[in-house]
Amino acid sequence: NRMANEVGGDFFKDFGFSDGDRYIIGCFDVSGKNVAASLSTIAIGSFFTALKHFDPGNTFGEELTVLIDKYIQDLTPNEMFITAALCYVDTKKQNIFIQNCGHTPIYIFVPGENNKVVGKTMNPNLPPLGMGILESEAASGYKFPIEKGLRIVLYTDGLTDMVTPDGV
């Protein structure tokens, strides 16, 4: 398979904090395509690169999403925005907090009774990043415990836009 566009704005990032207990797993999609979208993906990557060099203290979850939003707003043109599926994993507290900022649906599969799996869909519940309106709504998300067999599926529309080598 190959991407529908030669240069796109789809981006996946996993980041571990130095405490070894907290992680962010994110899937992002920049509005638009080509060079402008690719440069905006660099802004996302640079946020996480900078985070490695600064101690965020207890900033995690909602507060960190607000920081990413402000950072993206400062670095991208007004007409650009970035959708995001963000999973904040805390292995010490054994929980996950998920936010969907205008992104494609997130699928969560949780082990249920009698070896059955319960599927849940998390549709966008927050505005995309970079629009400057997230701070008043950032407390919205879904929190649940980490348990054996848990599966979370994140993807961008790049998956559904992919084509075969024959162009299908």
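Residues numbered from 1 in each chain as written. Predicted model: local features only at pLDDT ≥ 70, side-chain atom pairs only at ≥ 80, totals over all residues. Heavy atoms only, no water.

1. Notes on the layout of surface pockets
Our working rule: In this analysis the probe radius is 1.4 Å and the grid spacing 1 Å, with only protein atoms considered; a cavity is a set of points the probe fits into but cannot get out of, a pocket is an open set with protein on both sides within 12 Å along at least five of seven lines, and lining residues have an atom within 4 Å of a point. Grid points are joined across faces, edges and corners, and a volume is the space filled by probe spheres set on the points. Side-chain classes are defined by residue name, with Ala, Val, Leu, Ile, Met, Phe, Trp, Tyr, Cys and Pro counting as nonpolar, Asp, Glu, Lys and Arg as charged, and the others, Gly among them, as polar.
Reported here for the largest pocket is a volume of approximately 310 Å³. For the largest pocket, the lining is made up of 15 residues, of which Arg-22, Asn-58, Phe-60, Asp-90 and Lys-93 are closest to its centre. Looking at side-chain class alone, the lining of the largest pocket contains three nonpolar, three polar and nine charged residues.

2. Examining the sheet that holds strand E7 (residues 142-145)
For clarity, the cut-off: DSSP calls a pair of strands paired once it identifies at least 2 bridges connecting them. Where helices and strands are cited, they refer to DSSP runs of H or I of at least four residues and of E of at least two residues respectively, numbered from the N terminus. Here an axis means a line fitted to C-alpha atoms, over the contact stretch when the element is a helix, while the angle between two N-to-C directions is reported on a 0 to 180 degree scale. Contacts were defined at the residue level, with two residues in contact if any of their heavy atoms lie within 4.5 Å.
Strand order in the open sheet formed by five strands is E1-E2-E3-E4-E7, and the pairing between neighbours is antiparallel. The open sheet has two edge strands with one neighbour each: strand E1 (10-16) and E7. Direction aside, the axes of adjacent strands within the sheet are offset by 15 degrees on average. In this sheet, strand E4 (residues 95-101) lies alongside strand E3 (residues 82-90) in antiparallel orientation, the contact comprising seven bridges. Bridging from a neighbouring strand, Leu-86 pairs with Gln-99 of E4. Against the sheet, helix H2 (residues 62-75) touches strand E2 (22-30), E3 and E4, its axis set at about 150 degrees to E3.

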